[in-house]
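The lines below spell out each chain.
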Amino acid sequence: MDENQSYFNNMNNMQPVPPTKKEKDSGKGLFFVGLVVGIGVALLAVGIGFAGLGIQNAMEQSREKLKLDEDSALNSYTIAKLQALEETINQYFFLHDVPDEDLQNGMFKGLLAALGDPYSEYYTAEELSSMMEQSQGIYYGIGAYVQLDTNTGLPKISGVIEGSPAEAADLRANDLIYEVDGTSTYGLSLTEAVALIKGPEGTNVEITLIREGESDYVSLTLTRQKVESPTVEFRMLEDDMAYIQVTEFDDVTVDQFAEALAMARGSDAEGIILDLRGNPGGNLGAVVDMCNMILPEGMIVYTEDKYGKRDEYKCDGKRALELPLVVLVDMNSASAAEIMAGAIKDHGIGTLVGTTTYGKGIVQQIMSFRDGSAVKITISAYYTPSGNNIHGIGIEPDVICEFDGEAYYGSEDHPDNQLEKAKDVLRKEMGN
């Protein structure tokens, strides 16, 4: 997916609030903000006033008329209060008229936001349609994969698509998206941030970034275009090594992965490097189907919901990979990518190289409504075959190798030290 939403905080992991441009430009803001221990909000206001007895009376009357379950969040009091709030907006809100539909969507989104789960959210019919188009590998945007950075609350670049506007503009993995066309992304859901980035083909979008190593914000203007995202890349490397990169797990990925494996075997590959770096995840069904193409007989992953109900996903082992395998992972390998990496590690059929993965060990399900809208909601936790839940922890690689970004971005040749390390490990496993 473009600006992906993975089919993916505690009180000790408080999120820093980025400084505004005005604060930074005046020298009062910090470029990288540390741990926030308190937030003060200054309001320019005439005073705190009462909305009026008429609204209060209407609220009480509505409460008397409504007969709802008082133990529910949607009870007579909340319905009456919503009516009072709407009346207050209609009578006093000064800036502009707000369509009823926008107010309704705001209530629906707010209900999901109250869960405190960055992965659960409400989709309008338009948002759902757009997301489903992305899962088919075609969309209009800049060609970047985006995750939510849990440390800052900002969306971040986890990878870019070859030949895309993002690559041409030199967007980099781990760039934090601070603003889109002057609008702050702090506090937005991933869907809302993505909606700012996407747009009609041929239009421009200005993205302001916080980039590690830079003393100032980085502002880039990109032209949106139609992006067809091949989610799997295959090529042969030296010494009969095959390289397969999976950038996400979408509907189209399963067949692309099967084709890549067939090409590796048809090229007489003696070993495979599977690159899951920057992969934000995707469909549970897709990763299960793909694991069925390489794992021995046994468990792939299992889930447990709030009631303790367990669903198991197993492999029949009929297409188990018989070649040495090395898997590249990093801090942006998340969700479905971690399911695959975890299963490979637990079954002992491959060596993981890189850095500890993202740590998203929960599962979301999209539930649609008759009006075309939907909710994505966290329904369960998942566990690797050995029974490990990696949520908030991640998967530690067998061979730790930090990415040398300075060397990669500082040279036109883009030397990839992690890939070179994977080659060295694979050569040893191949007996070379």
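Residues numbered from 1 in each chain as written. Predicted model: local features only at pLDDT ≥ 70, side-chain atom pairs only at ≥ 80, totals over all residues. Heavy atoms only, no water.

1. Description of the nonpolar core
Using the following cut-off: By convention a nonpolar core is built from buried Ala, Val, Leu, Ile, Met, Phe, Trp, Tyr and Cys residues, the set being connected through side-chain atoms within 4.5 Å. Exposure classes here rest on a 1.4 Å probe applied to the protein chains alone. A residue is buried below 20% of its type maximum, exposed above 50%, and partly exposed in between. Helix numbering and strand numbering both begin at the N terminus, where a helix is a DSSP run of H or I of at least 4 residues and a strand a DSSP run of E of at least 2. The contact rule is simple, with two residues in contact once any of their heavy atoms fall within 4.5 Å.
In terms of nonpolar packing, the biggest core is built from 42 residues, with Ile244, Phe249, Phe257, Leu274, Leu276 and Met340 touching the most fellow members. Elements that contribute at least two residues to this core include exactly β10 (232-237), β11 (241-246), α8 (253-266), β12 (271-275), α9 (284-291), β13 (298-305), β15 (325-329) and α10 (336-347). Considering each element in turn, this core owes the most residues, seven residues, to α10. In contact with Met340, other than residues within four places in its own chain, are Phe249, Leu274, Leu276, Val287, Met290, Cys291 and Ile294.

2. A short note on the packing of α9 against α10
Defined as follows: Fitting a line to C-alpha atoms yields each axis, with helices limited to the stretch in contact; the angle taken between N-to-C directions then spans 0 to 180 degrees. For classification purposes, angles smaller than 35 degrees are called roughly parallel, those larger than 145 roughly antiparallel, those between 65 and 115 roughly perpendicular, and all remaining angles oblique. Take the far helix as the reference: if the near one is turned anticlockwise from it by less than a right angle, the crossing is left-handed, and if turned clockwise, right-handed. The nonpolar class holds Ala, Val, Leu, Ile, Met, Phe, Trp, Tyr, Cys and Pro. Asp, Glu, Lys and Arg form the charged class, and all remaining residues, Gly among them, are polar.
Relative orientation of the contacting elements α9 and α10 amounts to 25°, with a least axis distance of 9 Å. Between α9 and α10, the angle is such that the two are roughly parallel. The chirality of how α9 crosses α10 is right-handed. Contacts from Leu284, Val287, Met290 and Cys291 of α9 reach α10 at Ala336, Ile339 and Met340. Considering only residue class, the contact of α9 with α10 consists of seven nonpolar, no polar and no charged.

3. Quick word on α9
In an α-helix, one turn spans 3.6 residues; hence positions three or four apart end up facing the same way. Of all the residues in α9, the buried ones are Ala286, Val287, Val288, Met290 and Cys291. Where α9 is buried, its residues meet β11, α8, β13, β14 (310-315) and α10.

4. Some thoughts on the packing of aromatic side chains
Our working rule: In summary, the pairing rule links any two rings of Phe, Tyr or Trp, Trp by its six-membered ring, whose centres are within 6.5 Å, and it sorts them by plane angle into stacked for under 30 degrees, edge-to-face for over 60 and tilted for everything else. Either the NZ atom of lysine or the CZ atom of arginine qualifies as a charge over a ring when it sits within 6 Å of the ring centre and within 35 degrees of the ring normal.
Tallied over the entire structure, the rule returns five aromatic pairs. Both rings, one in Tyr302 and one in Tyr383, keep their centres 5.1 Å apart while their planes meet at 10°; by these two values the pair is stacked. Linking Tyr302 in strand β13 with Tyr383 in strand β18 (residues 374-383), this pair joins segments that are 81 residues apart in sequence. Ring geometry for Phe403 against Tyr408: centres 5.4 Å apart, planes inclined by 55°, an arrangement best described as tilted. Residue Tyr408 is classed as partly exposed on the basis of its relative accessible area of 23%. One aromatic cluster is present, built from ring pairs that chain together Phe403, Tyr408 and Tyr409. Lying over the aromatic face of Tyr243, Arg235 brings its terminal NZ or CZ to 4.3 Å of the ring centre. The side chain of Arg310 reaches across the aromatic face of Tyr302, ending 3.6 Å from its centre.

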